[in-house]
Amino acid sequence: MTEHMLTIDGQRIPFTEGQTIIEAATAAGVYIPHLCHNPEFKPHGSCKLCTVKVNGRNCSACTFPAADGQEVLNNTQELNETRRTITQMLFIEGNHFCPSCEKSGNCQLQAVGYYLNMLDAHFPFFYPSREVDASHQEVMLDRDRCILCELCVRASRDVDGKNVFALSGRGINSHLIVNSTTGKLKDTDISVDDKAVHVCPVGAILIKRKGFEVPIGERIYDGQDIGQVSLEHEMPIVEEAEHGR
Amino acid sequence: MAGKIKVATTSLAGCFGCHMSFLDIDERILALAEIAEFDRSPLTDIKHCSDQVDIGLVEGGLCNAENVHTLREFRESCKILVAVGACAINGGLPAMRNHIPLQECLEESYLDAVGVENPQIPNDVELPLLLNKVHPIHEVVKVDYFLPGCPPSADVFWKFLTDLASGAEPSLPYELVHYD
Ligand code: SF4
Ligand code: SF4
Ligand code: FES
């Protein structure tokens, strides 16, 4: 059997039939920045942070299938600058006040900002008004910090089988809705053990009374950058899926 | 040395935490004093910038008309203007009032809050008028550099100023970049 191969930044990367570029990269220990992608779920392809150049064209690495002989550019100054701009836009579209956010230090959006050396948000801020849902006893939804990645939607639908969340509206009016007659979390059957409660990459879905439990200095991204953390966590998941193919 | 680098600092809608963090450079301030002198700053109590300031460090965002005025003076006087800390960069915690109408904020603080005596909304002509929303400084003037953090650590100030003093393009390594 001949091995399938592509290159990323000149490095030869093997892949198996059916893998996306990001899966092949992760399995080979190459980090491609991403936010809406999580190897446990079907790709969504919305944040565009994983943009790479495939044979000269911009593609989302989380949705684009790996193919023999592809020449992929990933860790280039140009792509990282584009990714930084995307990250800045994510910041100005929501309300991200990291010093008062329980997710700070454990947040993937923030960690991507650090990874890309984002020092400011460049654009004027939108300061949108977004609704906080604190109705549930144990789970809290702060839409100010939602980046519309649909990971909670996918987790609730595909893993928990509950369909608690969905996205509604278009463009700047897109927002996360809760499927209950009142639109409130308290009237759903969500519970703290649900996958949906644990996949949010930012501080939009939180378990109550857990905030600031881990001291500064010991949080996930205090010592390691998101490239290292992400590979450590995602490599085994991708490898397992590969064996399952 | 021909002349020392002139550094001005100010706190707009900030808490002075960034200034306190700056002073955490501790004894390194002696080395700094060899090459730099403070111009307008709460540390010197000089009230206005001199004509040619080299570096202006601005803590805090814009919450009232006086903040905007001070910021414009800084921009006019300083060759290099630096947004220091979360509030200058994104409005910070004061900007959390942005989705509450100003009137409601004032009523909550001065009329309805627990323990308020003689409730009235302050309305003296001496008081700077509040802006409808709190804004980061880059929305009003051109900003040359940004030092994130709430506050940026003393090492951030030190790295930035020593880079500039040595003629290098200032940069912050991964471990000095924080938004909290
Ligand atoms: S969700 Fe992340 S980026 Fe947003 S405020 Fe919280 S820590 Fe900061
Ligand atoms: S709540 Fe979190 S997981 Fe759900 S869409 Fe928003 S950012 Fe994504
Ligand atoms: S990670 Fe690929 S588009 Fe979001």
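The rules behind these values
Residues numbered from 1 in each chain as written. Chains lettered and ligands numbered in written order. Predicted model: local features only at pLDDT ≥ 70, side-chain atom pairs only at ≥ 80, totals over all residues. Heavy atoms only, no water. Buried < 20%, exposed > 50% of the residue type's maximum accessible area, 1.4 Å probe, protein only. Helix = DSSP H or I, 4+ residues; strand = E, 2+ residues; numbered from the N terminus. Contact = heavy atoms within 4.5 Å. Pairing = 2+ DSSP bridges. Axes fitted to C-alpha atoms, helices over the stretch in contact; angles between N-to-C directions. Disulfide = S-S within 2.5 Å.

Caption draft 1: Main features of helix α4 (residues 151–159) of chain A. All names here are of chain A. Taken together, the buried positions of α4 are Leu151, Cys152, Val153, Arg154, Ala155 and Ser156. Where the residues of α4 are buried, they touch β8 (165–168), β9 (175–178) and β10 (205–207). Glycine 161, located one to two residues past α4, shows a positive phi value of around 65°.

Caption draft 2: The arrangement of the environment of A:Glu81 in detail. For A:Glu81, the position within the fold is in helix α2 (residues 77–93). Between the C-alpha atoms of A:Glu81 and A:Met118, which are 37 residues apart in sequence, the distance is 9.3 Å.

Caption draft 3: Up close: the sheet that holds strand β5 (residues 71–73) of chain A. Residue and element names in this part refer to chain A. Sheet architecture is open: five strands sit in the order β2-β1-β5-β3-β4, paired in mixed fashion. Pairing within the sheet leaves two strands with one partner each, and these edge strands are β2 (11–15) and β4 (57–60). When strand polarity is set aside, the average angle formed by the axes of neighbouring strands in this sheet is 40°. Looking at chain direction, strand β1 (residues 4–8) and β2 are connected through five bridges and run antiparallel.

Caption draft 4: Spotlight on the state of the cysteines. Residue and element names in this part refer to chain B. Scanning the model with the defined rule gives zero disulfides over all chains in all. Lacking any disulfide linkage, cysteine 78 is separated from the closest cysteine sulfur, that of cysteine 49, by 4.7 Å. Assessed through its relative accessible area of 4%, cysteine 78 is described here as buried.

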